[in-house]
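# Inside the fold
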Amino acid sequence: MNNLTIVATCTFGLEKVLKREITDLGYEIGKVEDGKVYFKGNKKDVMNVNLHLRTAGRVLIFITSFDAHSFDELFDNVENYPWEDIFEKNAGFNATKISSVKSKLFSKRDIQKIVKKAIVERLKRKYKLNKLSESGSYYELIVNIKKDKVSIFINTSGKGLHKRGYRENALKAPLKETLASGIILLSGYRGDRPFSDVMCGSGTIVIEAAMKAKNIAPGLNREFAFEKWKDYSIKDFELLKEEARENIKPAEVRLLGNDIDYRAIKLANENARKAGVEDAVAFQKMDMKEFRSRKKNGLMIVNPPYAERIGNEAEVIQLYKDFGKMYENLEDWKLFVLCAHPMFQKYFGEKADRNRKLFNGNMLCYLYQYYPKRK
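Residues numbered from 1 in each chain as written. Predicted model: local features only at pLDDT ≥ 70, side-chain atom pairs only at ≥ 80, totals over all residues. Heavy atoms only, no water.

## Details of the packing of aromatic side chains
Tallied over the full model, the rule gives 24 aromatic pairs. Ring centres of Phe 344 and Tyr 368 lie 5.3 Å apart, and the angle between their planes is 25°; on these two criteria the pair is classed as stacked. Remark: Tyr 368 occurs in strand E14 (residues 363–370) and Phe 344 occurs in helix H10 (residues 344–348); sequence separation between them is 24 residues. Residues Phe 344 and Tyr 368 agree in their burial class; the two are buried. Cluster of aromatic residues (ring-pair linked, three or more members): Tyr 81, Trp 83, Phe 87, Phe 93, Tyr 139, Phe 224, Phe 226, Trp 229, Tyr 232 and Phe 237. Above the plane of the ring of Tyr 38 lies Lys 31, whose end atom (NZ or CZ) is 4.6 Å from the centre. (Phe/Tyr/Trp six-rings, centres within 6.5 Å; stacked < 30°, edge-to-face > 60°. Helix = DSSP H or I, 4+ residues; strand = E, 2+ residues; numbered from the N terminus. Buried < 20%, exposed > 50% of the residue type's maximum accessible area, 1.4 Å probe, protein only. Lys NZ or Arg CZ within 6 Å of the ring centre and 35° of its normal.)

## So, helix H7 (residues 234–246)
With 13 residues, H7 ought to run about 18 Å at 1.5 Å a step, and its terminal C-alpha atoms sit 18 Å apart, in line with that. When we look at burial in H7, the residues that qualify are Phe 237, Leu 240, Lys 241 and Ala 244. End-on, the buried residues of H7 take up no more than an arc of 95°, which puts them together on one face. Summarising the geometry of H7, the exposed residues directed more than 90 degrees from the buried face are Lys 235, Leu 239 and Glu 246. Buried-residue contacts for H7 involve helix H2 (43–52). (Expected span 1.5 Å × (residues − 1). Arc of directions from axis to C-beta. Contact = heavy atoms within 4.5 Å.)

## Let's talk about the nonpolar core
With 115 residues, the main nonpolar core has Leu 74, Trp 83, Phe 87, Met 300 and Phe 323 as its most contacted residues. If one sorts the elements of this core by residue count, helix H4 (residues 108–127) sits on top with 7 residues. Non-local contacts of Trp 83, meaning those with residues more than four positions away in its chain, are made with Ile 63, Val 78, Ile 119, Arg 122, Leu 123, Leu 141 and Ile 152. Membership of the second largest hydrophobic core comes to 5 residues, among which are Val 7, Leu 60, Ile 142 and Phe 153. (Core = buried A, V, L, I, M, F, W, Y, C linked by side-chain atoms within 4.5 Å.)

## Considering the packing of helix H1 (residues 15–24) against helix H5 (residues 177–187)
For the pair H1 and H5, interaxial distance at closest approach is 10 Å and the crossing angle is 80°. If you check the angle between H1 and H5, you find them roughly perpendicular. Where H1 approaches H5, its residues Val 17, Arg 20 and Glu 21 are matched on the opposing element by Gly 182, Leu 185 and Leu 186. Across the contact of H1 with H5, the residue classes tally to 3 nonpolar, 1 polar and 2 charged. (Axes fitted to C-alpha atoms, helices over the stretch in contact; angles between N-to-C directions. Parallel < 35°, antiparallel > 145°, perpendicular 65-115°, else oblique. Nonpolar A, V, L, I, M, F, W, Y, C, P; charged D, E, K, R; others polar.)

## What to know about unusual backbone geometry
Phi angles above zero are rare outside glycine, and Lys 147 is one such case at about 50°. Mapping Lys 147 onto the fold places it in the loop between strand E6 (138–146) and strand E7 (149–155). What makes Lys 147 exposed here is its relative accessible area of 54%. Phi at Asp 148 is positive, roughly 70°, even though this residue is not glycine. Assignment of secondary structure puts Asp 148 in the loop between E6 and E7.

## Considering the sheet that holds strand E13 (residues 354–360)
Pairing within the open sheet is mixed, and its 7 strands lie in the order E10-E9-E8-E11-E12-E14-E13. Every other strand in the sheet has two partners, leaving strand E10 (281–285) and E13 as the edge strands with one partner each. Across the sheet, the mean angle separating the axes of adjacent strands is 20° when strand polarity is ignored. Alignment of strand E8 (residues 195–197) against strand E11 (residues 299–302), held across 2 bridges, turns out to be parallel. Opposite Ser 196, over in E11, you have Met 300 as the bridge partner. Sheet contacts for helix H9 (residues 313–327): E11, strand E12 (334–339) and E14; angle to E12, the most-contacted strand, approximately 170°. (Pairing = 2+ DSSP bridges.)

## A closer look at the environment of Leu 364
Following the sequence through the fold, Leu 364 ends up in strand E14. Sequence-wise, Leu 364 and His 341 are 23 residues apart; in three dimensions their C-alpha atoms are separated by 9.4 Å. Apart from the residues within four sequence positions on either side, Leu 364 is in contact with Ala 340, Lys 357, Leu 358 and Phe 359.

## So, the side chain of Thr 9
Here Thr 9 is to be found in strand E1 (residues 4–9). In this structure, Thr 9 is in contact with Leu 18, Gly 35, Lys 36, Thr 55, Ala 56, Gly 57, Arg 58 and Leu 60, ignoring residues within four places of it in sequence.

## Digging into a negative patch on the surface
Taken together, the side chains of Asp 67, Asp 72, Glu 73 and Asp 76 make up a negatively charged region of the molecular surface. Broken down by element, the residue count for the negative patch peaks at 3 residues, all from helix H3 (residues 71–79). On the secondary structure map, Asp 72 appears in helix H3. (Patch = residues over 30% accessible without salt bridge, like charges linked within 9 Å, V, L, I, M, F, W, Y side chains within 5 Å. Areas by Shrake-Rupley, 256 points an atom, 1.4 Å probe, with all protein chains shown as cover. Salt bridge = Lys/Arg side-chain N within 4 Å of Asp/Glu carboxyl O. Lys, Arg positive; Asp, Glu negative; His and termini not counted. Charge placed at Lys NZ, Arg CZ, Asp CG, Glu CD.)

## Notes on the environment of Leu 123
Mapped onto the elements of the fold, Leu 123 is located in helix H4. Note on Leu 123: relative accessible area 1%, which makes it buried. Residue contacts for Leu 123: discarding those within four places in its chain leaves Trp 83, Glu 84, Phe 87, Phe 93, Lys 128 and Leu 132.

## Let's talk about H5
Side chains three or four residues apart in an α-helix point the same way, a direct result of the helix having 3.6 residues per turn. Within H5, 10 of the 11 residues are buried, leaving the element largely enclosed by the surrounding structure. Along H5, the positions that sit buried rather than exposed are Glu 177, Thr 178, Leu 179, Ala 180, Ser 181, Gly 182, Ile 183, Ile 184, Leu 185 and Ser 187. Among the structural elements, H1, helix H6 (204–214), E11, E12, E13 and E14 are those in contact with the buried residues of H5. Gly 188, located one to two residues past H5, shows a positive phi value of around 80°.

## A word on the pairing of E13
As paired elements, E13 and E14 share 7 bridges and run antiparallel to each other. Counted as the bridge partner of Phe 359 is Leu 364 from E14.

Spelled out as structure tokens, the structure:
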């Protein structure tokens with residue numbers, strides 16, 4: 001498994017950002033699909049991108065693809081693949097994530113059973129066994145079927161890469177760390193200018209920006225599926241992590257987070273400490289309306305309540321109006337707002353200079369981008 005096709009997944013709308021991340025790490029992009037970026041690499045590269053990618057949901061290894069119009073065809077094609085080149089004889093495995101779009105094969109439960117059975121039969125025959133113990137390394141397979149085209153991947157990450165390891169507790173409807181990082185990368189933030197989130201909740205946006213500013217690899221404080229695989233060198237991975245630790249730098253500025261909820265501020269401080277950025281951030285209980293800054297050329301990124309998720313409609317409308325009035329005092333600050341409310345711009349009182357579609361989970365949002373007013 002050294003000449004690998006590696007696939008990094010992402011939230012719809014962040015493909016270009018993820019592509020740039022992968023390119024910056026030194027890899028040549030193969031192709032880009034909705035929510036997926038393909039490139040070539042080896043086992044060490046799999047470890048490296050899991051450790052460093054900020055916007056990827058998971059890192060997969062592409063295994064095979066084929067057409068299947070019936071369950072018999074699905075079984076035969078899976079069984080014909082040389083799984084013994086990947087799985088040792090005591091390996092454990094299962095197809096845990098199944099998707100089927102516009103396909104004759106739509107029963108996820110049947111797909112899962114057939115893929116499992118086909119691999120078992122292949123390995124029993126090749127290893128001359130009556131039964132597989134499945135007591136060794138465990139592999140999670142992902143099966144995507146679209147218009148009767150089957151693609152099979154192995155998940156190298158395990159849990160989603162948004163699980164950095166610092167946010168064990170959060171308030172309602174927290175923003176995924178990977179999406180927060182995507183917005184930060186879209187903003188062009190490098191840690192060299194004032195930064196604030198005036199509705200910070202448990203601190204995700206500020207913490208992700210601080211990790212970017214300090215060059216902290218997002219995967220330093222978590223575990224990955226590949227760490228339990230026999231053919232992956234833990235020594236090589238430890239060296240990659242040590243190099244990442246050596247590349248951490250001090251933050252140039254202190255990043256600010258405010259929230260009206262004291263519980264949110266307490267959680268944000270705990271999360272910042274776990275993430276290793278407590279020296280780079282300052283969280284304060286404060287109403288958004290009270291925010292002022294004499295600093296110039298700052299950046300504000302905010303994920304306000306949408307009403308559908310938190311709060312009622314009247315409260316949210318008033319919040320947007322107050323937010324717009326507050327931003328009028330920040331003439332040379334850039335503002336990015338992720339919001340699903342269809343009337344945000346109206347109540348905020350200003351049309352965005354740019355906007356783009358992003359998905360927060362399954363919810364369609366817009367990233368509204370406001371640029372400094374030049375007088």
